[in-house]
Amino acid sequence: MYSLEPVRSRSAGRLRCRDRSGPPRQLRPTTTDHVTFRDCGVAIKKFSNSNGDCWSGCLVVDQRNTAGYGAGTVIALVTQAPEGRQAQYLWYSTDRGRSFQAGGPAPVLPNPGVNDFRDPKVIWDADCDRRFMVNAEGQKLGFYASPDLRSWQRVGEFQRNYLGVLECPDISRITADDGTSHWVLGTSANGKGRGLPATYAYWTGAFDGSSFTPYRPEPEWLDYGFDFYGAVTYPIFFTTARLALSVDGRHPPVPERNLLSSTEIGGFRRLLQTTPFWSMKHA
């Protein structure tokens, strides 16, 4: 599972790792059980190009060769901030994520003139037959769509003015116990001003490819502690043994998603002085 990165910074499980020696670098851990991870080296080195280091982001496999680098290329959409201006840039890998090259000096999603513009999460929207991106933009989440991972059009947004600066957003479809399908929009948020956590907030609702309509205006909180921030979900790819656990022996079980998070948030660091470590929880 080379698409996940160590959780040593605010952007856990996304494309970011910060060590004690300097700016972020992109590491490549792998896992077979989603609990124990093995360090497989650096995928994007520090100071790789003039746009600055790669911050948080996400990975997708371009099976259709829509970006033009070849079918099966691993595409990384990551935040870089040349001269302090955050924008989203494309990197690509033709060796299954072992190393990445910049897809050009220009951002694929330029900054429209705001301070906070980062943490892109891209999914495949099968209903609209296109890629969909949710991007953190201060107190709102920007929605974008693309046919090729290079050109992005803004299609909507989701705004909440009472949860601080939103970070590391995520969106995914889930199947409830009764078999019905729903969407979950999540983000790291700060609700301390209202007596709420500063962890992972999420809403369950409907998504049409451009807009997300929550069933309730107030979010749920995945964790009421101090140490579940910068989380991101990813699908579990079933092994042959797991597929054998299907109910009737013929159909696979309902797909699951894992959620990886970081412990690095100011309140927790002040309470517990320790080295960074991994935190993992099922969603």
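In this report, the structure presented in the accompanying data block is examined. Quick caveat: nothing in here was measured; it's all calculated off a predicted structure.

1. Regarding unusual backbone geometry
Its identity as a non-glycine residue notwithstanding, E83 has a phi of 55°, on the positive side. Structurally, the position occupied by E83 is in the loop between β4 (73-80) and β5 (87-93). A positive phi is found at C168, a non-glycine position, where the angle reads about 50°. With respect to the helices, strands and loops of the structure, C168 is situated in strand β11 (residues 167-175).

2. Structural notes on the nonpolar core
Within the largest apolar cluster, 17 residues are counted, with the highest numbers of intra-cluster contacts made by F143, I171, L185 and F212. Residue assignment for this core shows that the elements contributing at least two residues are β8 (130-137), β9 (140-146), β12 (181-188) and β13 (200-207). Membership of the second largest hydrophobic core comes to 14 residues, among which are I75, V108, F117 and M133.

3. Section: the packing of aromatic side chains
A full pass over the atoms with the stated rule returns six aromatic pairs. Summarising the aromatic geometry, the rings of F132 and F207 are spaced 4.7 Å apart at their centres and angled 65° between planes, so their arrangement reads as edge-to-face. Here F207 lies in strand β13 and F132 lies in strand β8, a separation of 75 residues in the sequence. When sorted by exposure, F132 lands in the same class as F207, which is buried. An aromatic cluster is defined as three or more aromatic residues linked by ring pairs; in this entry it consists of F132, F143, W183 and F207.

4. Focus: the environment of S50
Tracing the backbone shows S50 in the loop between β2 (37-44) and β3 (57-62). With 32 residues separating them in the primary sequence, S50 and P82 have C-alpha atoms 7.3 Å apart.

5. Structural notes on the pattern of salt bridges
Scanning all chains against the criterion turns up 11 salt bridges. R194 is paired through a salt bridge with E218; the nearest N and O atoms lie 3.0 Å apart. In this pair, R194 is assigned in the loop between β12 and β13 and E218 in the loop between β14 (212-214) and β15 (220-221), connecting sequence segments 24 residues apart. Using a relative accessible area of 40% as the deciding quantity, one classes R194 as partly exposed. For R216, the salt bridge identified is with E220, shortest N-O distance 3.4 Å. Each member of the salt-bridge network shares a partner with another, and the members are D116, R118, D119 and E167.

Conventions adopted
- Sequence positions are assigned chain by chain, starting from 1 and proceeding in written order.
- Residue-level local features of this predicted model are given only where pLDDT is at least 70; pairs of side-chain atoms are given and counted only at 80 or more, and the full residue set underlies all totals for whole chains, interfaces and linings.
- Here the side-chain values reflect all heavy atoms present in the structure, with hydrogen atoms and water set aside.
- Here a strand is any run of E in DSSP of at least two residues, a helix any run of H or I of at least four, and the numbering for each starts at the N terminus.
- In plain words, nonpolar cores are sets of buried Ala, Val, Leu, Ile, Met, Phe, Trp, Tyr and Cys residues tied together by side-chain atoms within 4.5 Å.
- Whether a residue is buried, partly exposed or exposed follows from its accessible area with a 1.4 Å probe, protein chains only, as a fraction of its type maximum: under 20%, in between, or over 50%, in that order.
- The aromatic pairing rule takes the rings of Phe, Tyr and Trp, using the six-membered ring of Trp, and pairs them if the centres are within 6.5 Å, calling planes under 30 degrees apart stacked, those over 60 edge-to-face and the rest tilted.
- Salt bridges are identified by distance alone: a Lys or Arg side-chain nitrogen within 4 Å of an Asp or Glu carboxyl oxygen.

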